[in-house]
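Each chain, letter by letter, is given below.
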Amino acid sequence: MSILPYRKRSAPRSAIPHVDVYGQDHSPWVQSVLLGLHEKDVSHTLTTVPPLSVFRKWGVMMPAASVDGGPWHKESADLLRQLGYGTVSQDELRAINDAWRGVTHRAKSATRFFHAASLIHDLHPSGLRRLRNQFLRSFAVLYFYVLLLYVIRTGLQPDPENFAGQFLYWEQRLEKSAGAYLGGDEPNTLDMM
C-alpha cells in the first residue's frame, strides 16, 4: 500500500515485485526512497518500526529496505541505486546534505516536533500490531529529538549564513539541465533526494 497519491502511469510496472521499507515518512531520506518507489511504480509497504534484524544491526537509523524479501540495506542513495536510479558522487551527496541543514531545526520546538511525530501513522492492517508499533515508535521519535537537539547545541552542523543560499547550487543545476529534471527528461537519484 502506497502512501503517495495515485498517478496514472504510461510505463509498465517495475520488475521488482515488492519492497519493504522501514522509516518514518517525515524524514527527507525516507521520502526520497518513497518517491523513487512511487516513480518506478514498485509495490511497497512502509513500517515505522524497524524489524528486529534491522534494529540489531543499525538501531533506529532510517531508511532501510528489503527488496523482495532479500537482505536489508540502508542509506537512501544506495536504496535508490538498487531501484535502478544512478549513483551520486560524494560532492553531490555533500550538496544534498547541505541543502537539508534546516531539518535539524525541527527540534528547536519540542511541541512542534512531537506534534509532527504524532501525525505519523503506521499502516499495518492489524490493529494490535499498529498499537504496538505506535508504542515502540515513540522511543525512536525521542531518540531523534535528542539527537537533533545535540546537533544543534554542539554546533556539529553549523547553520549556513543564508538558508536560501543552500539551494542555489541545485537551482543552477536544474537551470542547466536539458529537461524538466536534474536528470534531464526523467528524474534521477538527485531528483528523488
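Residues numbered from 1 in each chain as written. Predicted model: local features only at pLDDT ≥ 70, side-chain atom pairs only at ≥ 80, totals over all residues. Heavy atoms only, no water.

J.: What is the right way to look at the overall build of the protein in this model?
T.: Looking only at helices and strands, the protein has eight helices and four strands in total. Beginning at the N terminus, the succession of helices and strands in the protein can be written as β-α-β-α-β-β-α-α-α-α-α-α. On C-alpha atoms alone, the protein measures out to a radius of gyration of 17 Å, which is about the 16 Å that the 2.2 N^0.38 rule sets for 193 residues. With the C-alpha coordinates aligned to their principal axes, the bounding extent of the protein is approximately 50 × 45 × 30 Å. Within the protein, buried positions represent 36% of all 193 residues. Here the contacts in the protein between residues at least 6 apart in sequence split such that 72% fall between residues at least 24 apart. (Helix = DSSP H or I, 4+ residues; strand = E, 2+ residues; numbered from the N terminus. Rg over C-alpha atoms; globule rule 2.2 N^0.38 Å. Buried < 20%, exposed > 50% of the residue type's maximum accessible area, 1.4 Å probe, protein only. Contact = heavy atoms within 4.5 Å.)

J.: What is the right way to read the pattern of salt bridges from this model?
T.: Opposite charge on two side chains lets them pair, provided their charged atoms get close. The full count for this structure, using the stated rule, is four salt bridges. The salt bridge partner of D78 is R81, with a shortest N-O separation of 3.9 Å. Residue D78 and its partner R81 are both found in helix α3 (residues 76-82); the two are separated by three residues, about one turn of the helix. In this structure R81 comes out as partly exposed when scored by relative accessible area, which is 40%. Linking D91 and R94 is a salt bridge whose minimum nitrogen-to-oxygen distance equals 2.6 Å. (Salt bridge = Lys/Arg side-chain N within 4 Å of Asp/Glu carboxyl O.)

J.: Please explain helix α4 (residues 90-99) as it appears in this structure.
T.: Helical geometry: 3.6 residues make up each α-helical turn, so side chains three or four residues apart lie on a common side. Along α4, the positions that sit buried rather than exposed are E92, A95, I96 and A99. Along the axis of α4, the buried residues cluster in a sector spanning 100 degrees; they form a single face. On the buried face of α4, the contacting elements are α1 (28-39), α7 (168-176) and α8 (189-192). (Arc of directions from axis to C-beta.)

J.: Teacher, can you tell me more about unusual backbone geometry here?
T.: The general pattern is negative phi for most residues beyond glycine and trans for most peptide bonds. Look at the link from M62 to P63: it is a cis peptide, with omega at 0 degrees. Tracing the sequence through the fold places P63 in the loop between α2 (52-58) and β3 (64-67). The backbone of E75 shows a phi angle near 80 degrees, a positive value even though the residue is not glycine. Topologically, E75 is positioned in the loop between β4 (72-74) and α3.

J.: Looking at this structure, I do not really get the side chain of R137. What am I missing?
T.: By the secondary structure assignment, R137 is in helix α6 (residues 127-154). A distance of 3.1 Å separates the side chain of R137 from the backbone oxygen of A117, its partner in a polar contact. Reaching out from R137, the side chain makes a polar contact with the side chain of Q134 at a distance of 3.0 Å. Setting aside residues up to four positions removed in sequence, R137 forms contacts with Q24, T48, V49, A117 and I120. (Polar contact = N/O pair within 3.5 Å; in protein donor to acceptor, adjacent residues only side chain to side chain.)

J.: Please explain a nonpolar patch on the surface as it appears in this structure.
T.: A surface patch of nonpolar side chains, about 240 Å² in accessible area, is lined by M61, Y143 and L147. Position of L147 relative to the elements: it lies in helix α6. Look at L147 and you get partly exposed, because its relative accessible area is 30%. (Patch = residues over 30% accessible without salt bridge, like charges linked within 9 Å, V, L, I, M, F, W, Y side chains within 5 Å. Areas by Shrake-Rupley, 256 points an atom, 1.4 Å probe, with all protein chains shown as cover.)

J.: So what exactly am I meant to see when it comes to the packing of helix α5 (residues 110-118) against α6 here?
T.: To describe two helices that pack against each other, one gives the angle between their axes and the distance between the axes. Close contact between α5 and α6 brings their axes to 11 Å; oriented N to C, the two are set at 145 degrees. Where α5 crosses over α6, the two elements pack in a sense that is right-handed. Residues A110, F113, F114 and A117 of α5 touch α6, and the partners they reach there are R137, V141, L142, F144, Y145 and L148. A breakdown of the residues in the contact of α5 with α6 according to their chemical character gives nine nonpolar, no polar and one charged. (Axes fitted to C-alpha atoms, helices over the stretch in contact; angles between N-to-C directions. Left-handed = near helix turned anticlockwise from the far one by under 90°. Nonpolar A, V, L, I, M, F, W, Y, C, P; charged D, E, K, R; others polar.)

J.: Explain the sheet that holds strand β2 (residues 44-47) to me, please; I cannot follow it from the model alone.
T.: Note on sheets: strands pair through backbone hydrogen bonds, and any given pair is parallel or antiparallel. Pairing in this open sheet of four strands is mixed, and the strands run β2-β1-β3-β4 from one edge to the other. This sheet does not close on itself; its edge strands, each paired only once, are β2 and β4. Between one strand and the next, the sheet's axes are offset by a mean angle of 25 degrees, whatever the strand orientation. As paired strands, strand β1 (residues 19-22) and β2 are joined by four bridges and run parallel to one another. Following the sheet pairing, V21 is matched in β2 by L46. Most of the contacts of α1 go to β2, to which it runs at about 165 degrees, and overall it touches β1 and β2. (Pairing = 2+ DSSP bridges.)

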